[in-house]
Amino acid sequence: MLELTSVQNPKIKQVLHLRDRHERDQTGHFLIEGYRELLRAADGGWKVEMLFVCPELFLGTNEPALIQRLVSRGTQLLHCTEKVFKKISYRDRPDGLLAVAPQRRLSLGDLSKAVKNPAAPLYVVAEAIEKPGNLGTILRSSDAVGVDGLIVCDRCTDIYNPNVVRASVGTLFTVPTVESKGEETLEWLREQGIDILAATPHAEKEFTQVDLTRPVAIAVGTEQLGLSERWMKQATMQVRIPMMGVADSLNVAMATTLLLYEVLRQRQQG
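These numbers were taken from a predicted model, which means no experiment stands behind them. (Residues numbered from 1 in each chain as written. Predicted model: local features only at pLDDT ≥ 70, side-chain atom pairs only at ≥ 80, totals over all residues. Heavy atoms only, no water.)

## Details of the packing of aromatic side chains
All told, the structure shown has 5 aromatic pairs when counted by the stated rule. Arranged with centres 6.2 Å apart and planes meeting at 35 degrees, the rings of phenylalanine 30 and phenylalanine 173 form a pair that is tilted. Highlighted residues: phenylalanine 30 in strand S2 (residues 29–33) and phenylalanine 173 in the loop between helix H8 (162–167) and strand S8 (177–180), separated in sequence by 143 residues. When sorted by exposure, phenylalanine 30 lands in the same class as phenylalanine 173, which is buried. A network of ring pairs unites the aromatic residues Phe30, Trp46, Tyr160 and Phe173 as a single cluster. Of note, arginine 104 hangs over the ring of tryptophan 46, and the distance from its end group to the ring centre comes to 4.1 Å. (Phe/Tyr/Trp six-rings, centres within 6.5 Å; stacked < 30°, edge-to-face > 60°. Helix = DSSP H or I, 4+ residues; strand = E, 2+ residues; numbered from the N terminus. Buried < 20%, exposed > 50% of the residue type's maximum accessible area, 1.4 Å probe, protein only. Lys NZ or Arg CZ within 6 Å of the ring centre and 35° of its normal.)

What follows is the structure, given as structure tokens:
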């Protein structure tokens, strides 16, 4: 096991560079920080190339077993001093585990092969989401209800942003996720016979008044403007979420969660 004591070490510099989106795109690598996130990556069979550890920062007693599990799969283990680890961590309270892993690039075709219920697949389409925290929360909610895939269209935030990984609490490794262009996604959904659900304050029906037991993709848009006109026009179902106060809409991640749980409610009752 190598021990790193200087922030000038090339491997430390590599980690710091991966905070930058351009570097992630160029190298095809990204960062995974935190015990829960790494555990879910390991459970999902995700390859981990390098693991930086600082035992002084561990929060529990389960870390050694996870480390051994990753090392047995070929992960290179690197020990950091507390000072060096805090330099590479992007958390206020680091827990002593940070890894470098290769990205996975799935296609829309890959989603078709992994459907849990072929009679009624469920997808989320996230168009041009800007905030990593919202994208991570959408992943977390998608995992909670068992969606068949998240499609990130016309991306603003890349799915391998460290804050997406963090906000998803590792569900990035459990939800099949694809980055795609809007037109390509619309064509694929039409070919698959999947209805598109869009929420808008101007819809006549509330979100509880439409049939969501059918194959459906819940489409949500940017934090400021919502879905683009293109997606609104292509939506086969438009619904509204009742708003009883002065605000006319919910945060995009909250709205997505509400719609997803309505799908789950209807399908469990059916």
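Read on for the rest.
## Side note on the pairing of S8
Successive residues of a regular strand alternate their side chains across the two faces of the sheet. In the sheet, strand S7 (residues 149–153) pairs with S8 via 4 bridges, with the strands oriented parallel. What sits directly across from isoleucine 151, in S8, is valine 178. Taken together, S7, H8 and S8 constitute a β-α-β crossover, and its handedness is right-handed. (Pairing = 2+ DSSP bridges. Right-handed = clockwise from strand over helix to strand, strands pointing away.)

## With respect to the side chain of glutamate 63
Inspection of the secondary structure puts glutamate 63 in helix H4 (residues 63–71). From its side chain, glutamate 63 meets the backbone nitrogen of glycine 60 in a polar contact 3.1 Å long. Not counting chain neighbours up to four residues away, the residues in contact with glutamate 63 comprise Tyr35, Phe58 and Leu97. (Polar contact = N/O pair within 3.5 Å; in protein donor to acceptor, adjacent residues only side chain to side chain. Contact = heavy atoms within 4.5 Å.)

## A closer look at the domain arrangement of the protein
The domain boundaries assigned to the protein delineate domain 1 (3–102) and domain 2 (108–269). Averaged C-alpha coordinates put domain 1 and domain 2 at centres separated by 30 Å. Taken together, the 13 residues of domain 1 in the interface contact 14 residues of domain 2. When the area that domain 1 buries against domain 2 is broken down by residue, the three leading residues are Arg21, Arg40 and Tyr90, summing to 35%. Counting across the interface, domain 1 meets domain 2 through 2 salt bridges. Among the ionic pairs, arginine 155 bridges to aspartate 25, the shortest N-O distance being 2.9 Å. At the boundary of domain 1 with domain 2, the tally comes to 6 residue pairs in polar contact (both at pLDDT 80 or more). (Domains from an automatic or database assignment. Buried area = accessible area lost by both parts, 1.4 Å probe. Salt bridge = Lys/Arg side-chain N within 4 Å of Asp/Glu carboxyl O.)

## Remarks on the side chain of histidine 29
With respect to the helices and strands, histidine 29 occurs in strand S2. Given a relative accessible area of 18%, histidine 29 falls into the buried group. For histidine 29, the contacting residues outside a window of four places in its chain are Leu18, Arg24, Glu49, Val100, Ala101, Pro102 and Gln103.

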